[in-house]
Structures are given as structure tokens and as C-alpha cells.
Amino acid sequence: MLEIKNLSKTYPGGKLAVDDVSLTINDGEIFGFIGHNGAGKTTTLKCAVGILDFEKGDILLDGKSIKKQAIECKQEIAYIPDNPDLYEQLTGIQYLNFICDIYRVSTADRNVLISQYADMFEIKKNLGDLISSYSHGMKQKLALISALVRKPKLFVLDEPFVGLDPKAAFQVKELMKELCANGSCVFFSTHVLEVAEKLCHRVAIIQKGKIVAYGTMEEVKGDKSLEDVFLELVNNA
Amino acid sequence: MRNFWILLKYNLINTLNLNKLNSKTKEGKLSLLMVILFIVGGLFSLGLAFLYMFMIGSALAEGGFPELILLVGIVAGFMFILLMTITKANSTLFRSRDYDLLMSLPLKPSTIIASKLVYILAINYLLFAFIYFPTIIVYTVFNTTDLWFWLLVLPTFFLVPLLPIAVSSLLAYLFGFITPKIKYKNLTSILFSLLILFLIMYASFQSSSIEEDPSAFALFMKNALVKIYYPGQIAFLGMLGSWQDYLLFTLISVVPFVGFVWLLSKNYMGANSRGNSSYINKNYEMKMMQSSDQKKAMIKKELKRYFGSSVYVLNTIMGPMMSTFLILFIFFGEDSLSATIPAGTITPDIISMIIVGIAIFTMGMTSTTASSISIEGKQFWILKSLPLSPQQIFNGKLFVNYLISFPFVIINGIIALVAFRFSLWSALFMFLIPGLVVVIMSYAGLYFNLLLPRFDYDSDVKAVKQGMSVLMTMLTGFVTVTIVIVAGVLGVVFFTPIVAYIFAFIAASLIAIVFISLVQTHGVKLFNRING
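Attention now goes to the overall build of chain B. Secondary structure summary: chain B contains 22 helices and zero strands in total. Out of the 532 residues in chain B, the part that is buried amounts to 49%. For chain B, long-range pairs separated by at least 24 residues make up 83% of all intrachain contacts whose partners lie at least 6 apart in sequence. For chain B, the exposed area adds up to about 25,300 Å²; of that, 71% sits on carbon and sulfur atoms.

Residue and element names in this part refer to chain A. Spatially, the four strands line up as an open sheet ordered β2-β1-β4-β5, and their pairing is antiparallel. In the strand order of this sheet, the two ends are held by β2 (16-25) and β5 (64-65), each with one partner. For strand β1 (residues 2-10) and strand β4 (residues 56-61), the ladder comprises five bridges, and the chain directions are antiparallel. By the bridge assignment for β4, glutamate 3 is matched with leucine 60. Its contacts with the sheet put helix α1 (residues 41-48) on β1, β2 and β4, and the angle it makes with β1 is roughly 120°.

Moving on: the confidence of the model for chain B. One rule of thumb: low pLDDT means the predicted coordinates there are not for detailed reading. When pLDDT is averaged along chain B, the result is 83; 87% of the residues meet or exceed 70. As scored by the predictor, the complex reaches a pTM of 0.77 and an ipTM of 0.83.

Another point: the pairing of strand β8 (residues 185-190) of chain A. It is a general feature of regular strands that their side chains alternate between the two faces of the sheet. Residues and elements named next belong to chain A. A large share of β8 lies buried, amounting to six of its six residues. Judged by which residues are buried, β8 turns out to be covered on both faces: Cys185, Phe187 and Ser189 on one side and Val186, Phe188 and Thr190 on the other are all buried. The pairing of strand β3 (residues 30-34) with β8 spans five bridges and is classified as parallel. Residue pairing across strands places isoleucine 30 opposite valine 186, the latter belonging to β8.

With that settled, the discussion passes to a nonpolar patch on the surface. All names here are of chain B. Side chains of Ile485, Val486, Val489, Leu490, Val493, Phe494, Phe495, Ile502, Phe503, Ile506, Leu510 and Ile513 sit close together on the surface and give an oily, nonpolar patch of about 1,100 Å² of accessible area. Put simply, the parts of the chain that give the nonpolar patch at least two residues each are α21 (468-494) and α22 (497-529). Looking at which element gives the most residues to the nonpolar patch, the answer is α21, with six residues. Examined against the element boundaries, phenylalanine 494 turns out to sit in helix α21.

Moving on, we come to helix α6 (residues 166-181) of chain A. All names here are of chain A. Here α6 contains 16 residues, and its C-alpha end-to-end distance of 23 Å stays within 8% of the 22 Å for a straight helix at 1.5 Å per residue. Those residues of α6 that sit buried are Ala168, Ala169, Gln171, Val172, Leu175, Met176, Leu179 and Cys180. Next to the buried residues of α6 lie β3, α4 (107-120), α5 (136-148), β7 (154-158), β8 and α7 (193-199). Just beyond α6, the residue with positive phi is glycine 183, at close to 100°.

Before going further, it helps to examine the interface of chain B and chain A. In this assembly, 37 residues from chain B lie in contact with 41 residues from chain A. Here chain B meets chain A over a buried area of about 3,600 Å², counting both sides, of which 60% is carbon and sulfur. Our count for the contact surface shared by chain B and chain A stands at zero salt bridges. Our enumeration of links across chain B and chain A arrives at 12 residue pairs in polar contact (both at pLDDT 80 or more). Those elements giving two or more residues to the side of chain B that touches chain A turn out to be α13 (294-307) and α17 (380-385) of chain B.

You can see Lys301(B) is positioned in helix α13. Of the residues examined, Lys301(B) reaches a relative accessible area of 3% and is grouped as buried. Beyond its immediate sequence surroundings of up to four residues, Lys301(B) is in contact with Tyr87(A), Phe98(A), Glu376(B), Leu383(B) and Lys397(B).

Our next topic: helix α1 (residues 2-15) of chain B. Counting along an α-helix, one turn takes 3.6 residues, and residues three or four places apart therefore face a common direction. All names here are of chain B. With 14 residues, α1 should cover 20 Å at 1.5 Å per step; its first-to-last C-alpha distance of 20 Å lies within 8% of that length. Listed as buried for α1 are Phe4, Leu7, Leu8, Asn11 and Thr15. The arc that holds every buried residue of α1, seen down its axis, measures 100°, which confines them to one face. Residues of α1 that are buried in the fold lie against α5 (99-104), α6 (109-142) and α20 (460-465).

Parameters at a glance
- Residues numbered from 1 in each chain as written.
- Chains lettered and ligands numbered in written order.
- Predicted model: local features only at pLDDT ≥ 70, side-chain atom pairs only at ≥ 80, totals over all residues.
- Heavy atoms only, no water.
- Helix = DSSP H or I, 4+ residues; strand = E, 2+ residues; numbered from the N terminus.
- Buried < 20%, exposed > 50% of the residue type's maximum accessible area, 1.4 Å probe, protein only.
- Contact = heavy atoms within 4.5 Å.
- Areas by Shrake-Rupley, 256 points an atom, 1.4 Å probe, with all protein chains shown as cover.
- Pairing = 2+ DSSP bridges.
- Axes fitted to C-alpha atoms, helices over the stretch in contact; angles between N-to-C directions.
- pLDDT = per-residue confidence, 0-100.
- Patch = residues over 30% accessible without salt bridge, like charges linked within 9 Å, V, L, I, M, F, W, Y side chains within 5 Å.
- Salt bridge = Lys/Arg side-chain N within 4 Å of Asp/Glu carboxyl O.
- Expected span 1.5 Å × (residues − 1).
- Buried area = accessible area lost by both parts, 1.4 Å probe.
- Polar contact = N/O pair within 3.5 Å; in protein donor to acceptor, adjacent residues only side chain to side chain.
- Arc of directions from axis to C-beta.

As C-alpha cells, this is what we get:
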């Protein structure tokens, strides 16, 4: 379970990007994080995975603080940014092997899982090429494989469907459901409200760094569409 | 023409980070400090260039060929620009990240090429000025000049860089035809560049007999310079009064440059698609993977990154390699110290001190760690999200500098021990003191890069060569070497050679402790603070 408690983050220039955000994401749950550009989604996600330091509040994964027990927490987290800049001087397979070494994935597991996911995302024949030769979608797929092979407890994705072909996007959605069925939880940001509406158990809407709506899909949207609720909140802010 | 100036203006604002100079933030103040440091460094380099040219000019005047200094300056400028442009032309012309953006705009390819080439020219004119104008001053000191000479001073300055830029850009263009077919294109590029650099160093060290026979030296210089760069000879003759030679020099400079611009404007799209394409393995089959522990995985990743960037390798491996090259040359070359100075004049202790001095001077020039954080660029998020402590990440980065430096420390020590009979203490310190300087440079480079990281670059050149952390590390190396040498000199003047070594060792150890502590305390905090 991921708990974000009263998180506030100010950038060095003085911009308050996240203001007193509190959220809980339970095991087995797909949690959607919605907001327009610059609302504070990516900052919150980066704080949750230990990429960004923050001044106020705390973030706990199964009771462990990302601030105080960063390494233990990171061992259980897989993060995929919106624009996966990977090590371009490595081949796809070298990158996956590097990630498996760092996360201590056994030799047997990595061989089976990489082969399985590379087949699923149809990039097996490209794994021997340098990442610099990959398209945006291929990099996204490679980043997804690198996240899946480590069997994370928390899966954090920033705009995961951008750049993916329809088949891969469908597979990602199915994988998210499968991960949750196995007890992991998924925390992802998106602009695609239809996807959030269909996929998420619960959602939060962030506006200017503050949470303006939070709860199950039914609680947030009532009898309206998520799009209507979102636009109403954004326009009235 | 209007579009050309617009492109050039925004290219310069973007590349030189001019907007930061107006900023009142901490970053803006740092940029201003960097400009001041660059100006100080520039004046220092100009002074050094003048001194060097004056020494060569004196030797040539003594040999009866004072006018040859002009040829030396022109040929040195040609070689310098050729080497600088070989790596830069590729990233600026054929692999620039703004290619898609520029080609999507309603601009002619020739306008885009012209703006890029003028940018390359501007940078090269700036660098060439450091060689050319000291040359002109030294020339006027040893020779009488006429109006014809002064009329041609500025045109020559503008003409000389054209040919080397055209040649190196053409080489980069032709290299683009084979790179998609080469699996190890960076390694090929590194080896090719190292070969050229060592040939130049070898050729330049052949001129060591200045004091023995000045006239022979002058003749050798003339022959060698003409062989290296024939157009230099006709520019030289032209400036001394032959208008036919000057006309020929003008044609030899301008025609290839214009020809290259014409060729590139016809093939700009093709050249860029080749520049951005990589070797593709058509028959890849997944094999069983081997696992490593975290430490080895980080080291492998760091080494891949290091050898994946030719500019990174060339900029950092030269110091350690040069240490061995210099030691071999000074002690074992044809005009070596042992051959020119009678046996018994120099004691083994002095020889060992000279070797240690050369080793620490070259090892203290640079460090891979000075840009090891910046080189992560947009991939820095990966490091921050890994379940590793900052210290584990630092160790991988420090290891790269150890790996490229320690083998040379050991080789230098072994060469010296085999060739000369040193005492046990001298032998021990010959490894320890240069080794400590490597440790200092590794930690200092890492600390300054954590303090002053630079991620907003579009080419590795900017992270490796133009970062403020690199400049600070170089200055630290310079100060460290000075302190160690001064400690050693005090020891040898007032006590014995062994005490000199102990003083130097204590000085180096204290500096090493300062930087190790800084990295392990403040460095960790800085790492956590960097926004990935």
C-alpha cells in the first residue's frame, strides 16, 4: 500500500508544484491521477519513486518511508516516465540485463521473463540493437519490459499510453489488471479520461498542486462523465 | 538572408546559454562567474601561446630563418582547426538534434547549412586567434614588415580556417557513409582520432634538438611544415610579397569550402539520415544472459557510457596516455635526457622526481568524473530511481577514472624501475604519489560535477568540454600539482630526497582526505538534491 501524507514540493526557483497532497493507494488497486499540464502530476509521481526530494510530508510504501528507507522502497517500485530516455549506448538486451542485475532478478527468471515480454511487445528481434536506434514506442516498450521483469509491488507510470501502438496499449491495460490481481498496485497519470474511466478503481484530480477531487470512480463522477467533472473542476478553479 | 541571420542568432543564444547571463538566479550568477573564468583562462592561454611562439621564433631567428614563424603559426592553426572540427562537424552538421525542427520550417537547406557552418567558423576563428595573433606579433619582433604584409594579415586570418573546416567536414560526411555498416562506430572513431593525435605528437617531438643545432632545426621545421600543409607555404610566400602565390592560396581555401557547401546543400537530408542511423543486427537471437552483482552491473554500465562517447574518451584519456608517452620520449627517445646529458650528472633520485613530476602533471590535467554526472543527461532519472545508495553510484563513476589512469601509473613506474636503479623508497613513492593524484582528481571531479551539473545540452561535447565542473576540476588539478611539487621542492632543498617524497605524499594525502570527505558528506546531499 502506498500512502502519500501531506506532500509539498517547491522547486528551487520558488514554484510550489505540489501543495499538501494526501492519497492512499491500496494493494490490488489501479489508481488514476488526472490533471492538466503543469498541475503537479509528474512531480508527485517523481516524489513517490524517490527521484525528487521534498520538504514537507512523507511517502510510505508498506509503512517504509521513501525518505528514510529509500533503497528498500525503490527495490519494490517500478517507474516509467512519460518520455523514457534510456541509456542510448546500450543495446536493448544490455539495458534489460543491467536492470535485472541491479534489482537482483535471478538468471532463470530474467531469461524467461524477458523472452516472454519481448515476444508480447514484438521487439525481440530488436533487442540486440542500440537503444539510440529505437523509436519512441520501442523505447516505451523496453521500459515497460524492464519494469515488468522485476515484479514490482508498486507500478508507477507517467502517461503510459503515449507513443504506444493500439495493440501494445491494450496489452499494457491487461497487464495492469493482471498485476493488480496478483496483489501489486498501479499508480498512473493520464490525460486520456476515457481510459481512466474504464480502467481505474479510484482516481484523484490535481489542480495547481492541490487535490480537488479524490475517491472511487462513482464518488468522483456521480452520474456525469469523468470528462464533464474534470472540465467543471478545471474551469471553476 | 533574413532567415539566415534569425537562425544564427537563436543558435548562438541557445548554444552559448546567453539567456542565463541576464538571469538574476543562482544559475545566472554561476554563468557570469563562468564567463569571467573563461576570460581569465583565455588571457592565460593567450599569454602561453605568445610565450611558446616567442621561444620558437627565437630558435628560428637564431637558425637564420626568422620569417618561418609565420609558417609555423599558419600550419599550427590548420592542424588545430582540423582536429577540433573533426568531432564537432559531425555533431553540428549531421547529427544535430534540431534537424527535425529546422527541416520542418519553411527554410532552404542551404540556409540551414550556412547558419551551421558560420557557427563552426565563428568558434574556429575565436580559437585560431589564440595562435595567429601571437604569431603576427612575434613575426614583427624578428622581421621587418611592409604595407603588403599588413594588408594581408586580416584576409589570411579569415582564409586559413576555410580549408581545414572543409576537409574535416568532408571527412565526417564520408565517414557517415560507412558508419551505419560499422557495429563499433564509436570505437573506430576513438582509435582513428587517437592515431592522428599520436602521429602529430610524435612529429612534434621530433623537433627537440633546438639548442643543439638551431639551423638544422629551422631547416627541419621548414621541410616538415611544408609536408604537413602545402597551402601554408604558399600563404607564407604570398604574405611575403608574391601575389601569384597569395591568389593560389585564396583559391585553394575558398574553392573547397564553397564546393563543400554546394555538395552538402544537395545531400543534406541524406547525410543527416545517415548520421542518425545506426548499425542494425538483422539476425539477432536471444542468448542465455549472465547475471552480475550490483557493483559489476554499475561498472559495466559506466564503461559502456564512457566508451560510447568518443569525445568523452578523447578528452580524458589523453592525460594518462601522455604521461607514458612523455616518459618514454624524455628518457628513451633519440634526443633523450640520458643521451644528451653525460652519465652521472643526474642522480637516480632526481630522475625519479622528474618522472613523478611528469606523471602528476599529466594525471592532474583532467578526470572522467568531472562530467560523469552531467553525461547522464536526460537519463539521470534512471540513477535516481535505482535501489542503490549514492555511494554505490559514485563508486561506479570513480572506477572509470581509476581504470583509465592506474594502468598508466603502474606502466610508468615499471618502465622507470626497469630502466633506472632506484632506491626502495623512490620506487614506492613513484607509484604512491601519482596514484594519490589520480584519487584526488577522481573525487574532486565528482564533487564539482555534483555541485555544478549540466543536463541541458544537445551534444556530449558541451557536457565533456564546456561544463563549469570540468574547468573547476582542471584548476583543482593545477593547484594540487603545484602544492605537491612545492612540498617536494621544500623537502629536497632543506632535507633529503626521501623527505621530499614524504612531504609531497603528506600534501597529496591531505588534499585527498578533503575531497573524499566532501564527496561522502556534502556530495551525497547534492546528489539527493539534483532534480532528475
